[in-house]
Amino acid sequence: MTSLPGFKRAASAVVVSILLTACGGESTDTTMESPTGLQVTGAGATFPEPLYQEWIRRYNAKQTEAHFVYEGGGSGEGVKRFIAEKVDFGASDSAMTDEQIAQVARGTTLIPATAGMVVLAYNLPGVEGELRLPRDVYVDIFLGKVWKWDDPRIVAANPHLDLPSKLIQTVVRRDGSGTTFVFTNHLGTISPTWLTEGPGIGTLMNWPGGAMTGNGNEGVAHKIKISHGSIGYIEYYFASRLGLPIATLQNRAGNFVRPDAESGRRTLEAAATAGMPENLRLFVPDPEAEDAYPIVSLSWLLLYGQYPEPAKATALKAAVTWALDAGQPIAEELGYIPLPANIVSAASRALDTIR
Amino acid sequence: MAVNPFQHADSASSISGPPSGSDYLADSIFRVIALSCASLIVVLILYILWEIGGLALPAMAQHGLGFVSGTTWNVGSQEFGVLPEIWGTLYSSFLALILGGTFGVGIAIFLTQDFIHARLAAVFRTIVELLAAIPSVVYGLWGIYVVIPMLRPVAEWLHSELGFIPIFGTELSGPGMAPAALVLAIMILPTVAAITVDAFRRIPYKVKEAAYGMGTTRWEAILKVMLPTASSGILAALVLGFGRALGETMALAMLIGNSNQINLSLFAPANTLASLLASSFPEAGQIEVQALMYAAVVLLVITLIVNILGLGIQQYTVRKFEGKA
């Protein structure tokens, strides 16, 4: 191995500390050890990070068996470190691919821990009221085909709004992101044009011309906040925290649905009832339910099938069980979607298989 | 009769004397220290070049010159091109140079050509130099919360009235070339102003007296005598300012909008090489890091070319206006 990773780490630490896009998670206190000295560390997705930190804060205070630490860094980073066995658990918004799972000798168990909605947040000063975006229109906005706010198709869907003749400035993610995957997976599912003319589906995209980029959900949210006429995709939590207006999107059944915890939970429940895959990798790129918000996603904890230390396995299982049960109301308080009962029971069954 | 002509110097009572052994020693130690410090700088630059070049080598071999002319940066398909970033870097620096250079030279004239009392000029000069002490991230925040909202109505008007001119061709939604260049201009202002002030100060007073003696007005003296005489120093100031603008990272990463496009419009978002490096590095995988290192090499080469060009122009003006060989 070359000296590259070390160099990169040092440099990125500097860059990260300089950039103000540092993700809002409070720094985890690693000096406080549990009496048994057992420390369980995890890393990954930034979207559920505020929730995981809150869970860990409460859970560490509640018991003394083990001390939990979680570090954000992105879904991609979480999967990478999980495969390299540098952490005890990972976290990812796009789960793991079959190839990635095959690389883990100790086995992989995907546990859905929370869920979120990708929303289209926008910034249009002077426009008050609900902005409705039909399915084909928001695909075309991100393809760069609809580029004025007073485009006839947007006006037709929003006769009640006085839309300005302003440029639509799209804001997207610069870094590899589970949120990007969920969003592009949705766009690719509802629009064949997205696959042929657009950038396709993935965690890291080459967006069509003129899009502004930001690092992390917070970076995108911030860019939307300071740019008039902008629109971008972020997780619901970040939009609501910054008080950004959120567009109402048209679902498969043709209804316009506002994203909130209730519509998100119903969407997931219906999807899980229709069929929960064996490995719990449930993607809902285009939910069918009448009142479903169209872009929802689970966020997974990545656990190993086996742990060499039994104490660690026990501690992790206890903690995740707590998170799936007592942790869900906390999730709702923070603006995440609480998991519906059928997904929680499937997750608990998967958890039992860990040794 | 041999009398030592240096007898008087040899006596211990005199304050002057031939250099002692320790003097020679101190002298040679200082020489070694100075030489090693100077060569250390050269070695450091070569080492940085070697290290970055080494990391960039795989990307250089793979992408070749297509890297410089390519316009996509797609990690997924491993296509890397930095033309939009090169464009953004040069365009923003050039705009900043026009603005910051004009104001910097203007300030220097104001401070040195007896427009205000010398003591007041010293106060002003200190204030201008204080600008250099403001951290770049503060400039970025100031740009976001002050410059962008201030610029927005102006940009709106320019776009609606003069939108047919390409440089006003788009609307300013927030971050973009104009706010970035404006803030960059303020950032290079102290560099340009301080060095230009020194250039004016170096002109012997008799030159100005001679000009006035020939009956020139103040402005004739400034424009036709002082400016050409100081021109090599002013050019040095501009080259240094341009170099600073090329490498500026933080404020630009916050203000330019990080958009991978080439647009002549002042109000469109763009990207620069330095902000591409800053924003992509933390998440980059090995392949992308190599490409980023290549981008760093490109930035170094651009800076080098600018400095060499600046040096050439400077020598030309020295010959032309200052009458030195």
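Model, not experiment: these values are computed from the prediction.

Asks: An account of the overall build of chain A is requested, with residue identities and associated values reported.
Replies: Within chain A, the regular secondary structure consists of 14 helices and 11 strands. Among the 355 residues that make up chain A, the fraction classed as buried is 49%. Put simply, 75% of the contacts in chain A that link residues at least 6 apart link residues at least 24 apart.

Asks: Before we move on, could you go through the sheet that holds strand 3 (residues 89-92) of chain A and cite the residues and values that matter?
Replies: All names here are of chain A. Reading across the sheet, the 8 strands line up as 2-1-3-11-4-8-6-7 and stay open at both edges, with mixed pairing between neighbours. The outermost strands of the open sheet, each flanked by one partner alone, are strand 2 (66-72) and strand 7 (212-214). Neighbour to neighbour, the strand axes of the sheet diverge by 25° on average, direction disregarded. Where strand 1 (residues 38-44) and strand 2 come together, 7 bridges link them in parallel fashion. Within strand 2, the residue paired with G42 across the bridge is Y70.

Asks: Please set out the interface of chain A and chain B residue by residue, giving values where relevant.
Replies: Residue-level contacts link 31 residues of chain A with 28 residues of chain B. Listed by contribution, the elements that provide at least two residues to the side of chain A that touches chain B are helix 1 (4-18), strand 7 and helix 9 (216-226) of chain A. Here the element with the most residues in the side of chain A that touches chain B is helix 1 of chain A; it accounts for 7 residues. Tallied by class, the residues present in the side of chain A that touches chain B amount to 12 nonpolar, 14 polar and 5 charged.

Asks: Account for the domain arrangement of chain A, with residues named and values stated.
Replies: Residue and element names in this part refer to chain A. Split by domain assignment, chain A resolves into domain 1 (7-115 + 297-351) and domain 2 (118-261). The straight-line distance from the C-alpha centre of domain 1 to that of domain 2 is 29 Å. On the domain 2 side, the residues contacting the 21 residues of domain 1 number 19 residues. Class assignment for the residues of the side of domain 1 that touches domain 2 results in 9 nonpolar, 10 polar and 2 charged.

Asks: Could you give an account of the environment of W147 of chain A, naming the residues involved and the relevant values?
Replies: Residue and element names in this part refer to chain A. Mapped onto the elements, W147 comes out in the loop between helix 5 (135-143) and helix 6 (152-157). A tally of 16 C-beta atoms within 10 Å means that W147 is categorised as partly exposed. Separated by 19 residues in sequence, W147 and K166 have C-alpha atoms that sit 8.4 Å apart. In this structure W147 touches L167 and I168, once residues within four positions along its chain are discounted.

Asks: Give me the lowdown on helix 12 (residues 310-325) of chain A, citing residues and values where you can.
Replies: Residues and elements named next belong to chain A. Counted at 1.5 Å a residue, the expected span for helix 12 with its 16 residues is 22 Å, and the 23 Å between its end C-alpha atoms agrees. Turning to helix 12, its buried residues number three or more, namely A315, L316, A319, V320, A323 and L324. The buried residues of helix 12 occupy an angular sector of 165° when projected down its axis, which confines them to one face. Along helix 12, the residues that are exposed and aim more than 90 degrees away from the buried face are P310 and D325.

Asks: With reference to specific residues and values, describe the nonpolar core.
Replies: Counting 95 residues, the largest nonpolar core has L120, A121, W300, L301 and L302 of chain A as the members making the most contacts within it. At 10 residues, the largest contribution of residues to this core is made by strand 4 (residues 108-123) of chain A. Shared between two domains, this core holds at least three residues of each, these being domain 1 (7-115 + 297-351) and domain 2 (118-261) of chain A. Excluding residues within four positions of it along the chain, L302 of chain A makes contact with G78, F82, F89, G90, A91, S92, M96, T108 and L110 of chain A. In terms of nonpolar packing, the next biggest core, distinct from the first, is built from 77 residues, L189, I195, A251 and A253 of chain B among them.

Analysis parameters
- Residues numbered from 1 in each chain as written.
- Chains lettered and ligands numbered in written order.
- Predicted model: local features only at pLDDT ≥ 70, side-chain atom pairs only at ≥ 80, totals over all residues.
- Helix = DSSP H or I, 4+ residues; strand = E, 2+ residues; numbered from the N terminus.
- Buried ≥ 20, exposed ≤ 12 C-beta atoms within 10 Å, placed from the backbone.
- Contact = placed C-beta atoms within 7 Å.
- Pairing = 2+ DSSP bridges.
- Axes fitted to C-alpha atoms, helices over the stretch in contact; angles between N-to-C directions.
- Nonpolar A, V, L, I, M, F, W, Y, C, P; charged D, E, K, R; others polar.
- Domains from an automatic or database assignment.
- Expected span 1.5 Å × (residues − 1).
- Arc of directions from axis to C-beta.
- Core = buried A, V, L, I, M, F, W, Y, C linked by C-beta atoms within 7 Å.

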